Amino acid sequence: MVKSSTNKDHGGMPIASPKYADLPELIALGAAIKQVRSERKMSQEELAHQAGIDRSYASSIERGRQNPGIVLILQLAAALGISASELMERAGL
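What this report covers is the structure whose coordinates are included nearby.

What counts and how
Residues numbered from 1 in each chain as written. Predicted model: local features only at pLDDT ≥ 70, side-chain atom pairs only at ≥ 80, totals over all residues. Heavy atoms only, no water. Helix = DSSP H or I, 4+ residues; strand = E, 2+ residues; numbered from the N terminus. Buried < 20%, exposed > 50% of the residue type's maximum accessible area, 1.4 Å probe, protein only. Contact = heavy atoms within 4.5 Å. Areas by Shrake-Rupley, 256 points an atom, 1.4 Å probe, with all protein chains shown as cover. Salt bridge = Lys/Arg side-chain N within 4 Å of Asp/Glu carboxyl O. Polar contact = N/O pair within 3.5 Å; in protein donor to acceptor, adjacent residues only side chain to side chain.

Here we look at the overall build of the protein chain
So, step 1. In terms of regular secondary structure, the protein chain is built from five helices and zero strands.
So, step 2. Reading the protein chain from its N end, one meets helices and strands in the order α-α-α-α-α.
So, step 3. Counting all 93 residues of the protein chain, 41% fall into the buried class.
So, step 4. Across the protein chain, contacts joining residues at least 24 apart in sequence account for 64% of those joining residues at least 6 apart.
So, step 5. Just so you have it, the protein chain exposes about 5400 Å², and 52% of that area is on carbon and sulfur atoms.

What about the pattern of salt bridges?
Here the idea is simple: oppositely charged side chains can pair when their charged atoms come close.
So, step 1. Considering all chains together, one arrives at five salt bridges under this definition.
So, step 2. Residue Arg65 pairs with Asp22 through a salt bridge whose shortest N-O separation is 2.4 Å. Of the two residues, Arg65 sits in the loop between helix 3 (55-62) and helix 4 (70-80) while Asp22 sits in the segment before helix 1 (24-39), which places them 43 residues apart along the sequence.
So, step 3. For Arg65, a relative accessible area of 28% corresponds to the partly exposed category.
So, step 4. You can call Asp22 partly exposed: its relative accessible area is 39%.
So, step 5. Here Arg90 and Glu39 are joined by a salt bridge, their closest N and O atoms 3.0 Å apart. Here Glu39 lies in helix 1 and Arg90 lies in helix 5 (residues 84-91), a separation of 51 residues in the sequence.
So, step 6. Given the relative accessible area of 41%, Glu39 is considered partly exposed.
So, step 7. The network of salt bridges with shared partners includes Glu39, Arg40, Glu86 and Arg90.

Description of the environment of Glu39
So, step 1. The spatial distance from the C-alpha of Glu39 to the C-alpha of Leu80 is 9.8 Å, given a sequence separation of 41 residues.
So, step 2. At 3.0 Å, the side chain of Glu39 and the side chain of Arg90 are in polar contact.

As structure tokens, this is what we get:
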């Protein structure tokens, strides 16, 4: 299970990856995750549970505010029922 850093001053929400937050590549990856999740009629909470992360962290990833590592990308892709390469292709990466 991948855990995110949280900040108690932000209501326990994950702290954005400051160096990389909002990069076009992260926004594209997040949009692809959200698109596949929506196609599968899967809630963000269900995706997060299946990927072993907190729902707020999944939300931050979908918004391009986090820079997920390869292990987490693999977990998310598996939870979505696709390969990591297909996820990257959908993101145009």
